[in-house]
Every structure is written in structure tokens, then in C-alpha cells.
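# Descriptive analysis of the structure
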Amino acid sequence: MAKPKSKRRRRIIVLGAIGVVLAGLTLAAIFRKREPVITVQTEKVTHRNITEIVVANGRIQPVLQVKISPEVSGELIELPVREGQRVNKGDLLVKIKPDTYIANVKSAEAQYMSSASGKDLAEASMKKAGLEFKRHEELFRGKLDSESTFLEFKTGYDVAKAQFESAVHQVDVARASLDRAKEELAKTTISSPLDGTVSKLNSRLGERVVGTAMMTGTEIMIVSDLNEMEARVDIGEIDVVLIKPNQKARLEVDAFRDRKFKGTVTEIANSSKDSGLGSGGGGGGQSQEATKFEVRIRVDEKENFRPGMSVTAEIETRYRSNVLSVPIQSVTTRLPREPAGKGPNTNTVTVAENTSGAAMAADVYPTSGTATNKTDRKAGEPPKPIEVVFLATGDQAKMVPVKRGIADDAYVEIVDGLKEGEEVVSGGYKAISRELEDSMKIKKGAVDKDKEKEKK
Amino acid sequence: MENVPSSIPAEEPPPSSSLAGRLLNVFAAPGDVFDELKTADSSVANWLVPVLIVMLVTITSFAVTLSQPAIKQQVVEMQEKAIDQQVAAGKIKPDQAKAFKEQMAALPPWVMQLFGIVQGVVAGFCGTFWWALVLWLLGKLALKSGIPFLKALEVSGLTMMIFALCVVITTLLIVILGNLMARPALSVFVGEFDPTRKLHLLLGSVNLFYLWSTAVLALALSRLSGVGFGKAAVWMFGFWAASRVLFVVIGLGGFVL
């Protein structure tokens, strides 16, 4: 009888223990605070030197380049250069068939000779009329000639004088025509206006080119001085105000992947690239593209650049040394929460007075949008997002409004809101931009290098 | 484990118990249950009911676990990490990885539930038949005693009740600790469990309930084959340890947790 009893006791103990464990765990599971834990990476707030850069894309172009277009039309009979060939100033570039222009010169010469003869004839006529007028004038004074005869010769002399003057002008016209014909003939030969390289050759021998003195003719070729190159980059209107002449720039040319070239800003366009275009419609419509300004950056180093190569320029606009900074991705935006009773969220607004006197809302919630620190707004106006960072305090995230200064590609200056040594959340991207809220539980995890690289 | 004689006299058959009694006694007095099974006629209920219980518990566990936002987030992070590792290994391209992640994010909840049901069915049926096969083979090849497969199946099925308890305890631990990798195993001493590390997997496989059920299976092997518990335990635990190590080494560490 003892054996079954002990077995029963053992069963009761084992099953009871299992029951107690299950009940305990179940209660613990029920009363446990349910809250997602977000894995984040953190970094300390430290002093750094920050150089603000403006990044822009564009193309490499020669500082000096000349488009060769003819001023006279005709067939190309000589084209002694190839694309890429070096030429010196005065070297023959193009010869247009001159036959027509030679004929024009000859015609103009003949015209000139004819008008010169006409002038001589008119001069002779004028002299003859002058002599006859003098003789009849003396006879008329001696009352030996009638007044009507005197007047007839006087008029004849005046006419002969006028004809002579006309003939003189005819000679001038003919001379001008001859000069023009000679000039056109001279323009059938085009020489290089500079020492450089034929960077582009559009026409072929035998082709007909069109040219007038009034408008651009066929662009036969481009001659460039490849010793002096510059990057012509487009910069948006927000950033262009930061650009000033003589600022330094780092240039990355796609063709030279592993190198960075130094450059200096030389010119900043005064007008945007699309200014004046599309405004004549009268409808007031604006281009959908961002307004861009061309900035020229002289390349300080010599390399085998070719016109048109793609370039990315990083222009150093501002520099601050030893300033408090955090990773650029740590700064995000959140909307300030509505005051109690004004919306579904009943949290009160906490407004902290920062050291510089500017008010900063400390109670905020996630959103997307552009950043601003203003919190004073008119009634009915939607709240504007403010810039915040999340501090890692133990296993919790604490949201802190900040005022940012300049930034480089990795770090941003914090003017107000943080102290050196504080630990800010620096990743992951999704956590900072969307998930994190004030007082949320966080867990420090390893940096996912692949993700970080991809993000950068 | 209790010390029992290697054979039971045929003239003193143990009193038969109900199915519910057997399902509960396998926790407290497994030797009695197996003594009873050895002499009793085979019954499908002895293995089918525990299998159904395991299935039900596994599916419920899956639903409860995935109802936790923190766990759901960990699942997503693990999936994304696995995809990123594939990218790093050059097996898939970053664009494909991005597409996979988007597809995963767009998956409706019923897909995960379906996965839980499949896992429940697999855990119940496959686990039972697998350990029955192991028992049968060890009895036949190692201990040279003819254990009927149906008896091995019944033993394996009843032992799955311990696995069902393991699933319940594990689920509660996961919910309490908010950690998908929480187990009643040596891995509890690892600060940050990394399922890609072999040592962590081996520690995770040393699970209190797996040891318990292996001991119970060893007892069953001893009773059914008529050899001493020590000998049966050496074979059973030897197989268990070897299979754990093998699974971890060949990269199927997920099966040992």
C-alpha cells in the first residue's frame, strides 16, 4: 500500500510543480508591460571641426574655347585638321571654295573701274561746262549776250558739277563693294584664333556650310585651350547664396575615380539657367525644374581632362572648428504635440527656454517634413515640425529639441540643446525617422555596416 | 529516473489507466506508463492525441508570440538581417533584397498564421515519427531487441507531451522576456543570442525539456527492450548529443532549438 501512495504523492508533487510554474509564468506574461524595444546604435556628442560643403554636379569644360563658324557659305575644299589635333594660332583650319567670291571681287573691280571712268567723264564735262559758263558770263556782263543764254549755261555748269559729285560717290560705292568682295574672299579661309586643340569637329571635307555675317552659321569645329580647364556645375538657389569666389572645392571626375582634384570658384552666374525662358506665355506658368545657377570652378591641377567629362564638386562654403556635433542622421524632425483638450492627444506642451533665449518645444511627436524651430503660431495654423535628437539614457530614448548649425557630409553642428559626452541615437535610419518616440525602450545593437553603407 | 527491473513478470500486469492518466503520468511516472504500454494492446490514441495536442499548442504558441509587437519586430529584423547576409555573400543583388523586404512587409498576417499551422503539423507529426524511428532503430540495431514500431510510436507520442509543455513554457518565456530566442536552455546565460553562432546554437540545444524527454525516451527504450536504464540512456543521450552537434555543424542549427 505504501508504494502506490508514494507514487501518488510523487505525481501530485510533479504535476503540482508544473502547474505552479505554468501559473507563475502565465501571470508574469499577463502583467508584463508590453512595449516594443527598438534596436539602435548610439554615438557620443563630441567636439569636431566641421566644414560645410555644397555638392553639385556638372561637366568639365575648357576655360577658353572658340566655336568656329563660317561667315560665308560654300563647299569645304580644305580641312587639314582632325579632332584632337593641336593647332597654333594662325594655322589654317578650313578653306571654303572661293570661286564665287573671286568672281565677285573681279566684278566689283570692274564696277569700280567703270565708276572711276564715269567720274573722269563727269569731271571733264564739268570743266567744259565751267569754261562755257565763264565765257557767257563775260559776254553777259558786256551786254553782248542775252540773260536767257547766260542762265542756260549757268544751269548747264551746275548740272555738270552735280554729275561729277555723283560720279565721285559712285566711285566710293564701287570701292566699298570691291572691299566687301575682297573681305568675303578672305573669309573663305579660316585660321585658328588661338593655340589649342580641335576638341570637336562637326563637318567633313566636301560638305556645304552656311554662313552669314548676321547670324551663327554651321558650327564646323570647336578649338579649345585644354591647358586651363574648369568645372561648370549647377547649384540650386538655396545653396548658391553660400557660394563665393575663391572658395575651395574638391572635384571628383568620374573618369578618375580614385582621385580628388582641387579647384577654386571663379565665377557665379548672376541669373539662373532658365531665367528668361518660358516667361513669354503670359500665363505666369513656372518651370517644374528647380532653379539652378551655373558656377565655374577652375581646376588647380593639370590632368588629361576632356571637355564634357562628368564632375561632382564639393565646394567648401563654411568652416567651424571645435564645435559640438552629432552624426547628421541623428537629427530628425517631430511635430510639437497639441495642448491638452485641443486634439486627440492630450499631452501638455512643454516649452523649454534655451540658453540663447529661443523657445523650443520639448514635447513632440513623429512626422515628416521640413525642419524649423519656430513654435509660436497663429490659431488654426497647423503645427510646424521642430528638429530633435534622441538621447540614449539607459534603456530609454529621450527626445531633445536642438538647434543645428552647419553640417558636413557626416556630422552636424549642434548650437543648442546638447552637452558634450551625451549619447545620441545615431541609427538605424527607420528608428530615427519613424519609430522612436520619447521614453521608448531601446536596445543598443551592433551597427549593420551594409545598411549604413547603403544609406550613405 | 526511477530504478525499475529490466523485465516485468507476465503474471503481474500493471493496472491499466485511462488515456488522460497516461498523458499526465508521462510527466510524473513515465516508467509505470511504459510498463503498461508494453503489455497492453496498441492504441492509435496513445500517439495521435499527443500529436494533436502538440499541434494545437504549437499553433497557439505561434499566434500568441506573433501578437507581441516586440517579437514581431524581432522577426522582421531577423528576416532583414538574413537577406542582408545573402546580399553580403553575393547570393542576391541589393535590388532583389530590397524587393524581398518590400514583399515581406506587404505580406498579409494570415501568411504568418499559415506558417504557424504548418509548423505545428510538422512539429507534431514529424517529431513523433522521428523519435519513434530512433527508438525502433536503437532497439533493433544497438540493443538487439525487437521493439514493435507501433509501440515505439506510442512511446514517442506520449513523450511528446513533454515537448508540448516545453512549447508552452518557451512561449511564456518569450512573452515575458520579450525575446524571440528565450528558451529554458543554457542559452539563457548568453547575453545576446545570435542564431548564426554555432556555440550559441549548441547552448540553446541543451534545453531542460529536451533533456527530460530524452531521459524519458531512454527509460522507454530500457523498458521495451528489456535492458538496463544506464545502457539505454547512454545510447539515447549519445544519439541525442550526436544529432545536435551534427545539425549545428551542417548548418541546420534551427532544428535544435
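Residues numbered from 1 in each chain as written. Chains lettered and ligands numbered in written order. Predicted model: local features only at pLDDT ≥ 70, side-chain atom pairs only at ≥ 80, totals over all residues.

What follows deals with the overall build of chain A. From N to C terminus, chain A includes 6 helices and 23 strands. Taken across its 456 residues, chain A has 26% of its residues classed as buried. Across chain A, every contact between residues at least 6 apart in sequence was considered, and the portion connecting residues at least 24 apart equals 76%. (Helix = DSSP H or I, 4+ residues; strand = E, 2+ residues; numbered from the N terminus. Buried ≥ 20, exposed ≤ 12 C-beta atoms within 10 Å, placed from the backbone. Contact = placed C-beta atoms within 7 Å.)

What follows is about the overall build of chain B. Looking only at helices and strands, chain B has 10 helices and 0 strands in total. Reading chain B from its N terminus to its C terminus gives the helix and strand order α-α-α-α-α-α-α-α-α-α. Scored against the burial criterion, the 257 residues of chain B give a buried share of 39%. Look at the contacts in chain B between residues 6 or more apart in sequence, and 66% of them connect residues 24 or more apart.

With that out of the way, let us pick up the packing of helix α6 (residues 109–142) of chain B against helix α10 (residues 229–249) of chain B. How two helices sit against one another is set out by the angle between their axes and by the gap between those axes. Residues and elements named next belong to chain B. Running from N to C, α6 and α10 cross one another at 125°; their axes reach a closest spacing of 11 Å. The angle between α6 and α10 places the two elements in the oblique class. The hand of the α6/α10 crossing is right-handed. Touching V134, L138 and A142 of α6 are W235, M236 and F239, all from α10. Looking at the contact of α6 with α10, its residues break down into 6 nonpolar, no polar and no charged. (Axes fitted to C-alpha atoms, helices over the stretch in contact; angles between N-to-C directions. Parallel < 35°, antiparallel > 145°, perpendicular 65-115°, else oblique. Left-handed = near helix turned anticlockwise from the far one by under 90°. Nonpolar A, V, L, I, M, F, W, Y, C, P; charged D, E, K, R; others polar.)

A common way to report how large an interface is uses the accessible area buried once the components associate. Taken together, the contacts link 21 residues of chain B with 21 residues of chain A. For the side of chain B that touches chain A, the elements supplying multiple residues, two or more each, are α1 (19–28), α4 (69–88) and α7 (149–177) of chain B. Among the elements that take part in the side of chain B that touches chain A, α4(B) stands out by supplying 7 residues, more than any other. Across the side of chain B that touches chain A, the residue classes tally to 15 nonpolar, 4 polar and 2 charged.

Residue and element names in this part refer to chain B. Considering the arrangement of structural elements, one finds V57 in helix α3 (residues 45–66). Considering only alpha carbons, one finds V57 and V168, 111 residues apart in sequence, at a separation of 7.0 Å. Aside from chain neighbours lying at most four places away, what touches V57 is A164, V167 and V168.

A word on helix α8 (residues 198–205) of chain B. Of all the residues in α8(B), the buried ones are H200(B), L201(B), L202(B), G204(B) and S205(B). If you follow the buried residues of α8(B), they end up packed against α9 (208–225) and α10 of chain B.

Glancing now at the packing of helix α2 (residues 30–39) of chain B against α9(B). Residues and elements named next belong to chain B. Following both chains from N to C, one finds α2 and α9 inclined at 35°, their axes separated by 9 Å at the closest point. Where α2 crosses over α9, the handedness of that crossing is right-handed. Residues P30, G31, F34, D35 and K38 of α2 form the contact with α9, whose participating residues are V216, L219, A220, R223 and L224. Partitioned by chemical class, the residues of the contact of α2 with α9 number 6 nonpolar, 1 polar and 3 charged.

Bringing unusual backbone geometry into the picture now. The linkage connecting G427(A) with the following residue, G428(A), adopts the cis geometry, with an omega of -5°. As for its placement among the helices and strands, G428(A) is situated in the loop between β22 (423–427) and α5 (429–435).

Attention now goes to the sheet that holds strand β6 (residues 189–191) of chain A. Residue and element names in this part refer to chain A. If you walk across this open sheet you meet the 4 strands as β6-β5-β3-β8, and the pairing is antiparallel. For this open sheet the edge positions go to β6 and β8 (208–209), each flanked by a neighbour on one side alone. Pairing between strand β3 (residues 74–78) and β8: 2 bridges, direction antiparallel. Each bridged residue has a counterpart across the sheet, and for G74 the counterpart in β8 is V209. (Pairing = 2+ DSSP bridges.)

Attention now moves to the pairing of strand β18 (residues 386–393) of chain A. All names here are of chain A. When you tally the buried positions in β18, you get 7 out of 8 residues, the bulk of the element. Of the strand pairs in this sheet, strand β14 (residues 332–336) and β18 are connected by 3 bridges, and their pairing is antiparallel. Looking across to β18, one finds that T332 is bridged to V388. Here β18 pairs with strand β19 (residues 396–401) via 6 bridges, running antiparallel.

Detailed reading of the predicted coordinates is not advisable wherever pLDDT falls low. Residue and element names in this part refer to chain B. The pLDDT averaged across chain B works out to 84; a share of 92% of its residues lies at or above 70. Here α4 is the element of chain B with the lowest mean pLDDT, 80, and α9 is the one with the highest, 92. Per-residue pLDDT stays below 50 along residues 1–11; that stretch engages in 10 contacts with residues further than four places along the chain or on separate chains. Note on the complex model: pTM 0.48, ipTM 0.78. (pLDDT = per-residue confidence, 0-100.)

Once that is clear, we can look at the nonpolar core. Formed by 53 residues in total, the largest nonpolar core has its most connected members in L135(B), A164(B), A220(B) and L221(B). Mapped by element, the contributors of at least two residues to this core are α1, α2, α3, α6, α7, α9 and α10 of chain B. Per-element accounting of this core gives the leading share, 17 residues, to α7(B). Not counting the four nearest positions on each side in its chain, A220(B) is found in contact with F34(B), L135(B), V155(B) and T159(B). Ranked by size, the runner-up nonpolar core spans 30 residues in total, among them A122(A), V171(A), L185(A) and I220(A). (Core = buried A, V, L, I, M, F, W, Y, C linked by C-beta atoms within 7 Å.)

The next subject is the environment of I18(A). Mapped onto the secondary structure, I18(A) falls in helix α1 (residues 2–31). According to the C-beta neighbour criterion, I18(A) is partly exposed, with 16 such atoms within 10 Å. In contact with I18(A), not counting residues within four places along its chain, are F27(B) and L165(B).

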